[in-house]
Structures are given as structure tokens and as C-alpha cells.
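Each chain, letter by letter, is given below.
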Amino acid sequence: MSPELSVVLAAVSVPFAAALAIPMLHRVLGERTGYAGAVVALACFALLGSQYGADGAVELSWIPSLEIALRFYVDGWALLFAMLASGIGVLVFTYSPSYMHGEDGLPRYYAALLAFMGSIIGVALAADLIAIFLFWELTSLCSFVLIGFHTDDRSSQYAARMAMFVTVGGGLFMLVGLLILASVAGDVLGTAAVVDLGGSATTFDLAAILENPDAVREALREEGLFLPVLGLIAIGAATKSAQVPMHFWLPNAMAAPTPVSAFLHSATMVKVGVYLLGRLRPLLVSHEWTLLFATLGLATMTVCAILAVASTDIKELLAYSTASHLGLMVAGFGFATFVGAEAGAFHLLNHALFKASLFLVAGIVAHEAGTHRISDLGGLRHDLPVTAAVAGVATLSMAGIPPFNGFYSKELLFEAAVESVHELGTLGWLYVAVAVFGSIFTVLYSLRFLALFVGDRPTGLGDVHRPPVTLLAPPALLAGLALVVGIYPDVAVRAIVQSAVDATAVESHAMHVGLPTSYSPALGMSAIAIGVGGLSYPFYGRIHDGIRSIPAAIPPVSANWWYDAVVGGLTRTSAWLAPRVHNGLLRTYATWTLAGTCALALAGFAATRALTLGELGIDASPAIALVLLVAVVAAIAVVLSPSHIAGILTLSILGFMIAIFYILASAPDLALTQLVVETLVLLIFLFVIEEIPESDEISLGRVTRDALLSLAVGATAFVTVVVTTDARPDGLTETARHYVENAVPEGGGTNIVNVILVDFRGFDTMGELVVVAIAAISVLTLLVMRGRGEAE
Amino acid sequence: MRTTARVVVPIILVVAISLFVEGHNLPGGGFIAGVLTTTAFALLYIAFGLDFLERGILERDVEPGKTPSRDRVVVAYRRVFTFGLTIAVGSGLVPILLDLPFLTQSYVEFDGVPLYGHVEIASALAFDFGVYCVVVGGLLTIISAVGAE
């Protein structure tokens, strides 16, 4: 079955439309706006559900001449991710009104949340590289708004900026990677859906690229661009999915309200990187791919699990745990075998279920107990029995204890690691060891989280209220789903995971999961992880302190230290640079602008090797020579003139000489214009010049600098004219001939200049008109309304 | 100075109009006509002072010697360039109604018109008039604002 364009389009656009309507809705509904959001999310979920089983691409033509179209691609992997986003969206919107009770800025919160949901569905369904990038950055933008929700809070601002800086920066690397990919793929595919951009074919159609993965991969290799593309896309995915060493933004992002953390920073946004890896896996999978992503993923999994053990705050613990599990998914997709794809796709689902649930539980704990410090909490099962049960299911799933759902996907990862031993030898064994080592810490911090609910209540803990049902139902539903997946994993696999795996794996393979019935190496690894984790839990305090003491002793170990160093350095450099380029004196601005323009223009000519100076024949009649000579003399006189007024009057000699030159060169229109404009400019100059103080003695250094700059500007203008007129063929060009021949029959005028202006190039003239209007408005604003701002 | 202006300004305006009208076939056009008209106004400003137009022609009251403010700048100038921009865009939009690309131009010829004989009306004249208005309005706004300083 092929997907319906209208349904797909609606699923992507409805959240954005709803986001626009939020301010109005909020007037009517007040704090209940969240339920409206839940309805929107439910509608998206239903729309996506109606496409269940669909597979294929649809497109809406946008600019046909450039082959730009809104392309969407629907398959199991896209549907899994999009439905996960909208489904968890429903729960988060249901949860929010109670949690965000009494907060300011709710319209902004809900609008950003809805826009975010639309962007995520967009990333999942888009089949155009440019569209993917746009939606990708939109999610970063929404995340920035939501992390910085408490706009007055400094730590919120810091965290929001950090998340923006890291994820958007990574996205730019990815953009370069995608553009290279598009250009290479365009050469290979060379058929429909290819645009001609300046001589090289380019295609942004991801669906077409994914239909010919082998050909595109070969072409990338031949041009030596395979590794750059792989690396650039890896940077994008790693920053977005919080992989080591770019993991540090995720724990900081916990400054966001908890529903946001559950939605963006565990279930959906951070998985976009993983999603893209899954999407591009059939295209890029190779030996290098495995080395890169298996290493990256396992390193993240282990490092972040260790950091989670060192956490002192429940949200921080969950954040590091999220990064660690993202590492697991990346590693899964990293292994080239189909088991790897199964591990990645299945864990994407499992992790979303249990981690969103845990975040919502953490929200309940923080909301009802008033603190989220781990050391202040304990024995919560007495106060929050239902929450404790939900947390129990989700935590055991996170630890990978059978028969909870996290166990199956972790087994798949272990299996993939074991299989990699055949291919990679010693390195494969290392992967196995690291995977087990990381899992031990996973078990440890999971037990610690569970310990919040069992044991005795610490004396400092005050009254803990029962949460309302709207807070409790969403995590309970998620944990219930996790439990169902845990007991009947084959149901989930058949429902959606199998088709997701088919989309991400290289070869198709029927997937089977279930409780192990006989011994396998993967089972042994699970047993070691759970066993060692359980046995070392009594020493949790000592391990926790030990890990915490390392970054305290050697700051450069922590990635956050590097971030602060880099950003701090940049800030200092900018603070130092700004007064030098930006000091409020017009001449400084002119200097930098002109120097920059000259440098760029000359560098451009040099780069394109346009600077081939042919012979410069001087071909001028005596009259023209005389006029030009007067102009040159006038120019020199301007520089030497004693006062501003004299300078300007002399300058106009130059202008009038140019007008005469136009007349001699038989261009009456230009001459007329030049004459009149020169008069007007002279007039305006005379108006303004009285305001400018006569210059005092100027230092020699400044004179030299100004002279050099003027020479550079003059040289640039000269070179530009020479280069641009050098290419002129003898006689009339084709364009000129076209204008000459068609002016009378088509434009009905014998003045070609005017006919070109109003008939052939009317659009350009329109643009110039707008420029004139804008200039007038700017002058008005600057001069006439200047006083008002100061008065207020 | 004032006598000269009295004589010269009408001549400039007439020349500007003729440049505008015959712009399609002879040197001239909306832009140059607009700039020329502006110089005529600028001459008036120089000869009679800034408030002359407001007081003498539009018969509006202006407090002399006031600091530069909004009412020293003739509001009509701003209207003129808004108007011009509207005409230019509007004349470009008409072809769309007739299912032609934006800014398509055409022309009609009339023969045997009294006094002129052969007259040719190009639809581009409307667009050119827009250009004229924008240039006049824009430049005069700038000059009166700068001049008021």
C-alpha cells in the first residue's frame, strides 16, 4: 500500500497550525490548553496510524523548475518514530496542565511543544535532504525555547544556550555532509529528480538515493568523499544524540520542565540522531561505519552510565542514563549485522517507553516531594504506591532484567557484539568487554533509582502528596506498554519493529525475540552484568564518591570544562574585538566594510583565476582623454582641498566630467541621469556637510592607513571593471541582440534602455523601486524620529 | 535667485513631464523624469526656504523655526512613494488576472488622434508612472528630512 499525500501532509502540518492557534486557545481555555494539545497529538497519531503498513514516497511539487518538492517517505522506521513522537506527545500534553499549574508563559510552552512535535514528525517522514535538515534544526530551536522556559533563571539560560550551540553547530556539520552526498548522488542517479545547479547535478531526493545505495556508496568511495560524508553526518548525529564527547549538554538540558525532559530529551529529540543513522544505515554501512559507530556508541554507553552513577539529582541520573542508552542504540546500528539493526530499532521503542515513563515519575516525585536530590529521597512507596509500581517496572526494564522489555534489546546488542568478534577479532572482544562493563553501571544506577521507593523515609523528607490522576496516568500507561512488550515481545516485533528493522537493515531477516531457553554468549554477558551490578550495589556510596572525585581533581577530564573554556575564550575574544570594529565612528565602519569587501572581491577573482590581465590597449579619442584628464585632476584636488565644502564642489567636477564622458560615448540616458543625480547629490552633501566638524591634525599612521585603503578600493574597482568587461565578445552579445531586435515589436518603444527597464527586466526595476522606498523610510526614521527614542 | 526659480521651475517640470511621456521612444523615462522633478522642488527649497511649500502652496500653518519634526516634512511625499509603489505593483498584477506572467507589458496604437496624429499607449506607462512616483516621493522625503536638519 502506498501512502496518502494528504494524510502525511496533514500529520506534519497540523501541529504547526495548532501551535499558531495556541495563544487564542489559551485565552479561551486557560490552563486547560494542554488538553487541546493532547487532542492535536492524538489526531496526528490517528493520521499516522491510518498509514500503518504503507511503504513508499509521495511528493508535493513546490518549485517544479528547480525540482524542489516536499517529499515524504513512509515506511516502518519512519512510522515507528513518528507514532512514538505523537503518542508520547498525547501523554505529555495530558500530563502538562497539572505539572505546569500556575506557571507563567504557558502559551509559549505549548506552542513550542506543538511545533516541536510537528518538526519531529517532519524529520521522521521527510524524504528530502534539505527538508530533513530544516526540520532537524527546528527541533533544536524548539528545544532551545523549552530548555530556556524559565527565562529569568541563569542556569536555564546557560543550559539553553549550550544545547543550542552544540546541536545546531552539529547540524551545520551534517548539512555539509548532506550537501556533498546530494551532489555525488546527483551524478550517479542522473535521471529524474536531479537539478542542474551551476553545472553539477544534485539530488536531494533521499528516497531515490536509498533505492540505489550501492551505486551511491561506490561513487562516494571513488571520489574519496566517503569518509568526509560519514564523519560529517556522524558529528551531526552525535551532537544531537548526546554521544561522547558531546554528551554534556543533555544533563544541563534538564533545566527544562520535566514534561519537556520526558518528551524532548529522552523519547524523541535526542533520538533524531539515532533515527538518521538508522535511515542512512543501508546507504553508508561499511567497515568504517562499524568502527566509528560501534566505538562511539559503546564509549558513550559506558562513560555516561558511569556518570549516571555519580549523579546527585534524579533528573541528572536519568539524563546520563538517556545518553548511555542512546549510545546503546548507536552501537547497535553501528554493527553491520542485522542483529545490530534489530538492537537499535527495538531499543528505540523500548527506551522511549521506559525512559519517558521514568521522567514523568521523576516529575511526580519532584512535584509532590518538593525536591529532586537523590540523597533527600527514600521510602517513597509508602506515600506514592502506584508511582512506585510504575517506577519499578520501568527501572527494571532500564536495567535490562528479564523479562522486562529492556532485556531483549540489550541481548540483541550483546549478540551483535559477539558476532562482531568473527569479523573484527581482538577489537570485537574489546567491544564485548566494554558492553558488559557499561551494563554493570546501568544495573547499578537503576538499583539506586529503585532505592528511592524502597527502604526507609529519610527524616528530612516532608509531606508527600498523592499525585492527581492526570499526572499518574501517562507514566502508568507507558509502563504498562513496556510490561506488555516485556511479556509478549513478539507482538511488538510483528506490529512495527520488524518493518522498522527491514528499513534499516541491509538484508532482510525475520526477527525473533523471546526469553532464552538455552545458554548463549549474550545470555552469559547479561548474567555477568546483572550479577556484578547487584553484588557491587552495597558499595554504591564508595563508587559514587570515587567517580565524583576524578573531575574535581583533574577538571579537563570533564567535557563541560572544555565547553566552558571554549565559550569563555570566544566571549573574551569578542569582547576584545568588538570595540575595535564597532566603536560608533562612521570611519571605522567604513574602513572595515570597504576593506572586507575588497578582500572578498579580490579573493574571489583570485580563487576563480579570473585575474588574467590581457593587454590593456588605450583606445580613446582626444575629447574623451581630455575629459578624463580633467576628472583625474579634480579627484586629486578633492584630496588636497582645504575644507569640506571646497572638497565637495571639486568632487562634483568629477561627476560632471563623467556625465560628459557618457555623452561622448553616446549614452544620452546615462548622461542625463548622471547630470541630474550629480546635482541632487551635491545638494544633499551641502546640507549635511555643515554638521561635520572640520578635521584637525591627523596622525601620519591614519593618513597612511586611509591612503592604503583608498588604493585598495580603487584597485578592486579597476580590477572588477577589467575582469568583467574583458570577457565581452566582439560586437553585440546574444542578449543585447535580443533586446535590440525585440524592443520595437514586443515593447513598442524605440528607447531600448527604457524598454529594458520597464518591459524586459521589469522585475529588477521593481526591486530597485523598493530600495528607493526603503532608503527614504530609513532616512525618515533616522533623522525625524531620532529624538523620540531618546525622549522616552 | 527667486526670480530665476520662478522662471526655471515650470520649465524643469514641463521638461520632466515630456521626458516621462516620450520616455518609451526617446531618451527619458520614469526614473530620470522623477529625478528631474525632484531637482525642481529642491530649487524651490533653496530659493524660498523649507516652509514655503507648506505655507505658500498648501496653505498650511507651520510654526517657523521649529526643530526638525514630522510636520516639517511634507506628509504628501510619503504618500506619493507609497502610491507609486502601489501603482507599480498593481500594474504588474493586472497581467496575472489575464493569466499572463507578472509584469507582462503590452501596447496599443491609435491613429488619427487630433493634434498628435499617431499615438501609442504602452501599458508600461503605468509601471513607469509608478517608478516616477516612487522616485519623486522617495527623494523628496530624503531631501526634506535632511534639509530640515
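Each chain carries its own residue numbering, running from 1 in the written order of its sequence. To label them, take the chains in the order written and letter them from A, then take the ligands in the order written and number them from 1. It should be noted that, the model being predicted, local features are given only for residues of pLDDT at least 70 and side-chain atom pairs only at 80 or more, the latter also being counted only at that level, while totals for whole chains, interfaces and linings use all residues. Side-chain numbers here rest on the full set of heavy atoms in the structure, without hydrogens or water.

Student: Requested: an account of the overall build of chain A, with residues and values cited.
Tutor: Scanning chain A for helices and strands turns up 32 helices and 4 strands. In what follows, a contact means two residues having at least one pair of non-hydrogen atoms within 4.5 Å. If you take every contact in chain A between residues at least 6 apart in sequence, the share linking residues at least 24 apart comes to 78%. Here the open area of atoms and residues is found with the Shrake-Rupley method and a 1.4 Å probe, where only the protein chains shown may cover a residue. Carbon and sulfur atoms make up 68% of the accessible area of chain A, which amounts to about 35400 Å² in all. Helix and strand assignments follow DSSP, with helices taken as H or I runs no shorter than four residues and strands as E runs no shorter than two, numbered in order from the N terminus.

Student: A description of empty space enclosed by the protein should follow, citing residues and the corresponding values.
Tutor: Residues and elements named next belong to chain A. Method remark: on a 1 Å grid restricted to protein atoms, a set of points is classed as a cavity if a 1.4 Å probe fits but cannot get out and as a pocket if it is open with protein on both sides within 12 Å along at least five of seven lines; lining residues have an atom within 4 Å of a point. Grid points are joined across faces, edges and corners, and a volume is the space filled by probe spheres set on the points. Across all of its chains, the model carries 1 cavity of 30 Å³ or more by this definition. In this structure, the largest cavity spans a volume of roughly 60 Å³. For the lining of the largest cavity, the leading source of residues is helix H17 (residues 405–424), giving 4 residues.

Student: Go over the pattern of salt bridges, please, and point to the residues and values.
Tutor: Salt bridges are defined by distance alone: a side-chain nitrogen of Lys or Arg within 4 Å of a carboxyl oxygen of Asp or Glu. Per the counting criterion, the structure on display carries 8 salt bridges over all chains. Here the salt bridges share partners, and the residues they tie into one network are Glu-59, Arg-71, Asp-128 and Asp-205 of chain A.

Student: Can you explain the environment of His-101 of chain A? Please cite residues and give values.
Tutor: All names here are of chain A. Structurally, His-101 is set in the loop between helix H3 (76–99) and helix H4 (106–125). Exposure classes here rest on a 1.4 Å probe applied to the protein chains alone. A residue is buried below 20% of its type maximum, exposed above 50%, and partly exposed in between. Take His-101: its relative accessible area is 59%, and that puts it in the exposed class. Taking the C-alpha atoms as reference points, His-101 and Glu-31, 70 residues apart in sequence, are found 7.1 Å from one another. Residue contacts for His-101: discarding those within four places in its chain leaves Glu-31 and Ser-96.

Student: Just give me the short version of the nonpolar core, but keep the residues and values in it.
Tutor: Residues and elements named next belong to chain A. To form a nonpolar core, buried Ala, Val, Leu, Ile, Met, Phe, Trp, Tyr and Cys residues must be joined to one another through side-chain atoms within 4.5 Å. Counting residues in hydrophobic clusters, the biggest one holds 206 residues, and the most contacted among them are Trp-249 and Phe-346. In terms of residues, this core owes the most to one element, helix H15 (residues 338–369), which gives 19 residues. Ignoring sequence-local partners within four residues, the contact set of Trp-249 consists of Met-162, Ala-163, Val-166, Thr-167, Thr-239, Lys-240, Ala-242, His-265, Met-269 and Val-270.

Student: Talk me through the packing of helix H27 (residues 668–689) of chain A against helix H2 (residues 30–48) of chain B; I want residue IDs and the actual numbers.
Tutor: Where helices are involved, their axes are fitted lines through C-alpha atoms of the stretch in contact, as for all axes, and angles between N-to-C directions lie from 0 to 180°. In the contact formed by H27 of chain A and H2 of chain B, the axes pass within 10 Å of each other and the chain directions differ by 35°. The two elements H27 of chain A and H2 of chain B cross, and the hand of that crossing is left-handed. Between H27 of chain A, through Leu-672, Thr-673, Val-676, Val-677, Thr-679, Leu-680 and Leu-683 of chain A, and H2 of chain B, the contact on the second element is made entirely by Phe-31, Ile-32, Val-35, Leu-36, Thr-38, Thr-39, Ala-42 and Ile-46 of chain B. For the contact of H27 of chain A with H2 of chain B, the class distribution of residues is 11 nonpolar, 4 polar and no charged. Helix crossings get a hand from a simple test, with the near helix turned counterclockwise from the far one by less than a right angle marking a left-handed crossing and a clockwise turn marking a right-handed one. Ten residues, namely Ala, Val, Leu, Ile, Met, Phe, Trp, Tyr, Cys and Pro, are considered nonpolar, four, namely Asp, Glu, Lys and Arg, are considered charged, and the remaining ones, Gly among them, are considered polar.

Student: Talk me through a negative patch on the surface; I want residue IDs and the actual numbers.
Tutor: Among the surface-exposed residues, Asp-187, Glu-218, Glu-222 and Glu-223 of chain A lie close enough to one another that they form a single negatively charged patch. Relative to the helices and strands, Glu-218 of chain A is located in helix H8 (residues 213–222). The patch calculation keeps residues exceeding 30% relative accessible area without a salt bridge and links them within 9 Å when they carry like charges or within 5 Å when they are nonpolar (Val, Leu, Ile, Met, Phe, Trp, Tyr). Charge counting follows a simple rule: Lys and Arg are positive, Asp and Glu are negative, and His as well as the terminal groups are ignored. A single reference atom marks each charge: NZ on Lys, CZ on Arg, CG on Asp, CD on Glu.

Student: Which residues make up the environment of Ser-549 of chain A, and what are the values?
Tutor: Residue and element names in this part refer to chain A. Within the secondary structure, Ser-549 sits in helix H22 (residues 540–553). Residue Ser-549 is classed as partly exposed on the basis of its relative accessible area, which comes to 38%. Ser-549 sits 239 residues away from Ala-310 along the chain, and the two C-alpha atoms are 9.4 Å apart. Pairs of N or O atoms are called polar contacts if they sit within 3.5 Å, as long as, within protein, a hydrogen donor faces a hydrogen acceptor (for residues adjacent in sequence, only side-chain-to-side-chain pairs). Of the polar contacts made by the side chain of Ser-549, one reaches the backbone oxygen of Gly-546; its length is 2.7 Å.

Student: Give a detailed account of helix H1 (residues 5–29) of chain A, specifying residues and quantitative values.
Tutor: Residue and element names in this part refer to chain A. Remark: the principal bend of H1, roughly 50°, maps to Ile-22, with a proline, Pro-23, within the next four residues. Buried within H1 are the following residues: Val-7, Val-8, Ala-11, Val-12, Pro-15, Ala-18, Ala-19 and Ile-22. Directly beyond the C-terminal end of H1, a positive phi value near 65° is found at Gly-30. The angle between axes fitted to the seven residues ending at a residue and the seven residues starting there is what we call the bend at that residue.

Student: Break down the environment of Ile-660 of chain A for me, citing the residues and quoting the values.
Tutor: Position of Ile-660 of chain A among the secondary structure elements: in helix H26 (residues 644–664). Between the C-alpha atom of Ile-660 of chain A and that of Leu-675 of chain A, which follows or precedes it by 15 residues, the distance is 8.7 Å.

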